[in-house]
Amino acid sequence: MSEDIAADYVMDLDRTREQLLVFAREVGEAYRRERRQKATLDRLVEERRAVDYSMVQTLAFMVDAKDAYTGSHLERCRTYGLALAEAVDADMVSPELEYGFLLHDVGKVVVPEAILDKRGPLTRDEEGVMRTHVSVGLKIVSPLKFLTHEALDVIRCHHEWFNGEGYPEGLRHASIPVSARVFSVVDAFDAMTTDRPYRNALPPDLALERLAAGAGKQFDPDVVEVFTGLAHLLPVPEIQIA
Ligand SMILES: [Fe+2]
């Protein structure tokens, strides 16, 4: 009798071991399947992002090429802007923010070269045409559903002034998204340190003085202070400060 019980016990053990092996194989297979699915998903996301990025680049560099005097304005603004955003609030940095930096002036495709390249101040009407580049830019990018508010905020608000005297909405202080407050500083700095149709480039230290003079008026003073602290660290020859 006791031998029968022992035999049953051994059979139960064998059956349990087999069940455990089957279970382990199934778990292993499910895990490998999930890993493969995740790798496929990651690849698709990566490919999608590459397509988005090339579309943004195409649109952005179309404008950069039109405005011959700005040269590699976009590349420099992206470099300065990402460094400044990182220093102001690292959580702000994202691919979408970079898209906004690249596309900030996309609406300038509708502004005639005669206005873009004009030597001397713009007339009231010309200024009006120039200002339309903000709303036109938003319209151009509106079909690009992958552009989040991080990108759209920069396009919409990069000409707002800290004191409320900017356009298109006359927003002021914290009602201007911080990404746009960051971008307006680097945009102005690059414009000042680059040859323009109506004047030669300013030396970087003089451009920083102009930014400081505009702090609290055109620019967020805290953002200007951060930029002044990091400008000499940026790995761009044009802004190496003695
Ligand atoms: Fe602009």
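Presented here is a report on the structure given in the accompanying data block. The model shown is predicted, which means the values in this text are computed figures rather than measured ones. (Residues numbered from 1 in each chain as written. Predicted model: local features only at pLDDT ≥ 70, side-chain atom pairs only at ≥ 80, totals over all residues.)

Interhelical geometry of helix α5 (residues 124-141) versus helix α6 (residues 149-157) gives an angle of 155° and a closest axis separation of 8 Å. Relative to α6, the element α5 is oriented roughly antiparallel. Note on element contacts: α6 touches α5 through Leu152, Ile155 and Arg156, opposite Val134, Gly137, Leu138 and Val141. (Axes fitted to C-alpha atoms, helices over the stretch in contact; angles between N-to-C directions. Helix = DSSP H or I, 4+ residues; strand = E, 2+ residues; numbered from the N terminus. Parallel < 35°, antiparallel > 145°, perpendicular 65-115°, else oblique. Contact = placed C-beta atoms within 7 Å.)

Attention now moves to the packing of helix α2 (residues 73-88) against helix α7 (residues 178-192). Put simply, α2 and α7 touch, their axes get as near as 9 Å, and they point 135° apart. One finds that α2 runs oblique with respect to α7. Pair α2 / α7 crosses with right-handed handedness. Between α2 and α7, the contacting residues are His73, Arg76, Cys77, Tyr80, Gly81, Leu84, Ala85 and Val88 on the first element and Val178, Ser179, Val182, Phe183, Val185, Val186, Asp187, Phe189 and Asp190 on the second. In the contact of α2 with α7, the residues fall into 11 nonpolar, 3 polar and 3 charged. (Left-handed = near helix turned anticlockwise from the far one by under 90°. Nonpolar A, V, L, I, M, F, W, Y, C, P; charged D, E, K, R; others polar.)

Before going further, it helps to examine α6. A large share of α6 lies buried, amounting to 7 of its 9 residues. Listed in full, the buried residues belonging to α6 are Ala151, Leu152, Asp153, Val154, Ile155, Arg156 and Cys157. (Buried ≥ 20, exposed ≤ 12 C-beta atoms within 10 Å, placed from the backbone.)

These values are about where atoms sit, not about what they do.
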